[in-house]
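Architecture at a glance
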Amino acid sequence: IALPLSMRGKSENEAQDAKASLSDADCLPGEVDVRFELAKSILSSITSPDLLVDESTPQGKAIRWIVCDDSISAQLLENQDPVSGNLPKQKHGFRLGGDAGEAQVIRRYILATLFYSTSQVSPWNDSLNFLSPDLHECNWHKNYTRDNFPYGDFDPVGVVCQIELGGNILLDDYQYPVGSVTVNIRIVNDLNGPLPPEIGYLIDCESIGLENHLRLTGPLPQTMGNMSGLFSLALLFNGPNFGGKLPSSLFQLKNLKTIHIQSISGKVWSLPTNAQVGDDTQLERLVLRNIFAGAIPSWIAKLKQLQTLDLSMNNFQGAIPEAIGDLSSVKYLNLMGNNFTGAIPSSLGKLPAIEVLNLGNNALQGELPAPIGNLRTLQLLDVGSNELTSTIPSSFANLESLKYLVLESNRFNGTVDVLESMKNLTILLTRSNSFSGALPDGLFSGTSDNVVVDIGDNEFTGELPSSFANMS
């Protein structure tokens with residue numbers, strides 16, 4: 001164990017005497033040096049030995065806690081089998097991490113490193129039972145009462161273990177193997193500093209949720225691509241110095257279904273330029289809002305299970321890639337509020353499941369692609385506040401499911417006769433264009449719902465359709 005600053009520079013004998021007294025005074029009884037060396041040999045598989053021996057680092061502090069203070073880890077280290085060299089097994093262990101004693105030491109070390117790395121300036125507001133030496137790590141949480149995702153009124157904050165994701169909460173593995181681990185710190189708890197690379201080796205973790213930690217810093221560790229069990233990642237409204245390029249390895253995780261990263265302002269995030277996305281990738285929901293920039297990479301079209309793609313209110317630039325039309329499962333596509341330029345890709349007309357297509361508030365130019373009229377499942381189309389020209393394609397008469405149509409603040413022209421065929425239309429916003437001619441008499445005649453209409457600042461002529469008399 002590294003000596004304190006007060007002992008550095010003393011003779012070797014004085015230092016050894018001080019080390020022994022320090023061990024006696026500060027550490028749990030037993031072979032402290034042996035425990036340290038054994039812990040170092042186990043933990044060096046995920047952390048450089050140089051960091052482990054430096055007690056000023058989060059890793060050095062974490063291994064010192066494992067050896068000196070953590071009664072559960074110390075007992076495992078003290079009882080190494082002299083023949084096999086293995087530590088005693090856990091009671092039932094974890095579904096992914098197994099029941100080896102070494103796995104529990106590593107898991108407790110990772111969580112301790114997370115604690116020390118994110119409390120470098122000041123302690124957490126609530127320790128959440130982290131570093132409780134006599135508690136199983138599944139008990140490192142506290143129960144909060146509030147209305148918030150994911151548990152409603154009863155919200156355990158910290159390390160939450162379950163028989164399976166969404167199942168009964170376990171405080172240890174004494175009766176059942178742990179099937180799922182969640183790191184849920186979605187309260188104002190003042191985590192400060194970077195997420196350590198060791199968190200990427202928490203292979204039992206299925207869900208990470210961090211919210212409202214204004215002093216988190218740095219990017220996500222590249223090692224997060226090792227989290228083979230990760231199902232959900234939610235990073236919401238964290239600090240202005242927290243961000244960077246997303247690890248490409250995230251998009252190779254076979255079990256990951258949700259990524260949600262959102263903030264108000266701060267350090268710019270970006271998508272990786274290249275990512276090796278496999279055919280077995282299960283990502284269904286990708287929500288990146290407010291703090292991303294750059295271009296949409298073409299590899300995103302390989303996310304064949306993606307149902308929600310929300311990149312709204314960012315600073316993405318350049319053209320919307322044609323390949324985005326290959327997202328065969330997407331139902332919700334929201335690119336509004338960016339700086340996209342160029343034409344709307346005609347490939348968007350190939351999205352067989354699309355229900356919401358929002359391209360508003362960009363700098364898109366050119367025509368409305370006729371193939372969009374093939375989207376029979378489409379319920380909302382928003383292309384407002386762009387630089388689009390041309391008429392409404394006749395193919396739009398096929399949009400039989402469309403309820404909301406936003407065309408405002410462009411340079412469209414021609415008539416709107418095609419809208420008469422949209423029997424489910426309830427919201428129509430065409431303000432600030434150059435539409436002309438009469439409104440079709442059958443407009444909104446097929447709906448009994450309340451209707452919202454704004455057709456001002458155009459060149460319409462004639463009288464309002466008789467169907468308007470029955471609108472509310």
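What counts, and where the lines are drawn
- Residues numbered from 1 in each chain as written.
- Predicted model: local features only at pLDDT ≥ 70, side-chain atom pairs only at ≥ 80, totals over all residues.
- Heavy atoms only, no water.
- Helix = DSSP H or I, 4+ residues; strand = E, 2+ residues; numbered from the N terminus.
- Rg over C-alpha atoms; globule rule 2.2 N^0.38 Å.
- Buried < 20%, exposed > 50% of the residue type's maximum accessible area, 1.4 Å probe, protein only.
- Contact = heavy atoms within 4.5 Å.
- Areas by Shrake-Rupley, 256 points an atom, 1.4 Å probe, with all protein chains shown as cover.
- Lys, Arg positive; Asp, Glu negative; His and termini not counted.
- Charge placed at Lys NZ, Arg CZ, Asp CG, Glu CD.
- Pairing = 2+ DSSP bridges.
- Axes fitted to C-alpha atoms, helices over the stretch in contact; angles between N-to-C directions.
- Parallel < 35°, antiparallel > 145°, perpendicular 65-115°, else oblique.
- Left-handed = near helix turned anticlockwise from the far one by under 90°.
- Phe/Tyr/Trp six-rings, centres within 6.5 Å; stacked < 30°, edge-to-face > 60°.
- Lys NZ or Arg CZ within 6 Å of the ring centre and 35° of its normal.
- Salt bridge = Lys/Arg side-chain N within 4 Å of Asp/Glu carboxyl O.
- Polar contact = N/O pair within 3.5 Å; in protein donor to acceptor, adjacent residues only side chain to side chain.
- pLDDT = per-residue confidence, 0-100.
- Core = buried A, V, L, I, M, F, W, Y, C linked by side-chain atoms within 4.5 Å.

**Some remarks on the overall build of the protein**
- Within the protein, the secondary structure is distributed over six helices and 26 strands.
- Since a compact globule built from 472 residues should have a radius of gyration of about 23 Å, the 29 Å found for the protein marks it as more spread out than a globular shape.
- Residue burial in the protein is summarised as follows: out of 472 residues, 52% are buried.
- In the protein, 58% of the contacts between residues at least 6 apart in sequence involve partners at least 24 apart.
- By element, 48% of the accessible surface of the protein is carried by carbon and sulfur atoms, the whole surface being about 20,000 Å².
- Separation between the mean location of the 31 positive side-chain charges and that of the 51 negative ones in the protein comes to 2 Å.

**What to know about the sheet that holds strand β26 (residues 459–460)**
- One open sheet accounts for eight strands, arranged β12-β14-β16-β18-β20-β22-β24-β26; its pairing is parallel. Each edge of the open sheet is held by one strand with a lone partner, namely β12 (293–294) and β26.

**Notes on the packing of helix α2 (residues 32–43) against helix α4 (residues 58–69)**
- Orientation of α2 relative to α4, taken along the N-to-C sense of each, is 140°, at an axis distance of 9 Å. Between α2 and α4, the crossing angle belongs to the class labelled oblique. Relative to α4, the crossing made by α2 is right-handed. Where α2 approaches α4, its residues Val32, Arg35, Phe36, Ala39, Lys40 and Leu43 are matched on the opposing element by Ile63, Val67 and Cys68.

**Some remarks on the packing of aromatic side chains**
- Tallied over the full model, the rule gives 13 aromatic pairs.
- Ring geometry for Phe115 against Tyr116: centres 5.8 Å apart, planes inclined by 80°, an arrangement best described as edge-to-face. As far as burial versus exposure is concerned, Phe115 and Tyr116 are alike and both buried.
- Here a set of aromatic residues connected by ring pairs shows up, and it is made of Trp65, Phe115, Tyr116, Trp124, Phe130 and Trp140.
- Positioned above the aromatic ring of Phe94, the side-chain terminus of Arg107 is 3.5 Å from the ring centre.

**Some remarks on the pairing of strand β6 (residues 205–211)**
- Within β6, seven of the seven residues are buried, which leaves the element mostly enclosed by the surrounding structure.
- The pairing of strand β4 (residues 180–185) with β6 spans five bridges and is classified as parallel. Each residue of the ladder has a partner; that of Val181, found in β6, is Cys205.
- Across five bridges, the pairing between β6 and strand β8 (residues 232–236) is parallel. Paired with Glu211 across the two strands is Leu236, which belongs to β8.

**What about the side chain of Asp310?**
- Checked against the element boundaries, Asp310 lands in strand β13 (residues 308–310).
- The class of Asp310 is buried, set by a relative accessible area of 7%.
- Filtering out sequence-adjacent residues up to four positions away, Asp310 remains in contact with Leu286, Val287, Leu288, Arg289, Tyr332 and Asn334.

**Some details on the sheet that holds strand β5 (residues 192–194)**
- Read from one edge to the other, the open sheet built from three strands follows the order β5-β7-β9, with strand pairing classed as parallel. The open sheet has two edge strands with one neighbour each: β5 and β9 (241–242).
- Where strand β7 (residues 215–218) meets β9, two bridges bridge the pair, whose relative direction is parallel. By the bridge assignment for β9, Gly218 is matched with Phe242.

**Comments concerning the pattern of salt bridges**
- One pass over the structure, following the stated rule, counts 17 salt bridges.
- Salt-bridge contacts for Glu78 lead to Arg35; the nearest nitrogen and oxygen are separated by 2.5 Å. Taken as a pair, Glu78 in helix α5 (residues 71–78) and Arg35 in helix α2 lie far apart in primary sequence, 43 residues in all.
- Relative accessible area serves as the criterion here: at 33%, Glu78 is assigned to the partly exposed category.

**A short note on the environment of Asp155**
- Within the element layout of this structure, Asp155 appears in strand β2 (residues 154–162).
- What makes Asp155 buried here is its relative accessible area of 0%.
- Along the sequence, Asp155 and Arg186 sit 31 residues apart, while their C-alpha atoms lie 9.5 Å from each other.
- Separated by 3.1 Å, the side chains of Asp155 and Asn184 make a polar contact.

**Some remarks on the pairing of strand β18 (residues 363–366)**
- In this sheet, β18 lies alongside strand β16 (residues 339–343) in parallel orientation, the contact comprising three bridges. Across the sheet, Gly342 pairs through a bridge with Leu364, a residue of β18.
- When β18 meets strand β20 (residues 387–390), the two strands line up parallel, connected through two bridges. For Gly366, the partnering residue across the bridge sits in β20 and is Leu388.

**Things to note about the confidence of the model for the protein**
- Across the protein, pLDDT averages 91, with 92% of residues at or above 70.
- Contacts of residues 1–24 to residues separated by more than four positions or lying in other chains number 23 contacts, the stretch itself having pLDDT below 50.

**Here's the deal with the environment of Lys350**
- Looking at the element boundaries, Lys350 is found in the loop between β16 and β17 (356–358).
- Of note is the side chain of Lys350, whose polar atom sits 3.4 Å from the side chain of Asp326.

**Re unusual backbone geometry**
- The backbone of Asn290 sits at a positive phi, close to 80°, despite the residue not being glycine.
- With respect to the secondary-structure elements, Asn290 resides in the loop between β11 (285–289) and β12.
- Positive phi, close to 60°, is recorded for Ser385, a residue that is not glycine.
- Take Ser385: it is sitting in the loop between β19 (380–382) and β20.

**Description of the nonpolar core**
- Counting residues in hydrophobic clusters, the biggest one holds 122 residues, and the most contacted among them are Leu220, Phe251, Leu286, Leu309 and Leu333.
- Per-element tally for this core: the top contributor is helix α6 (residues 101–117), with nine residues.
- Not counting residues up to four positions away in its chain, the partners in contact with Leu220 are Leu195, Leu233, Leu235, Phe242, Leu246, Pro247, Leu250 and Trp269.

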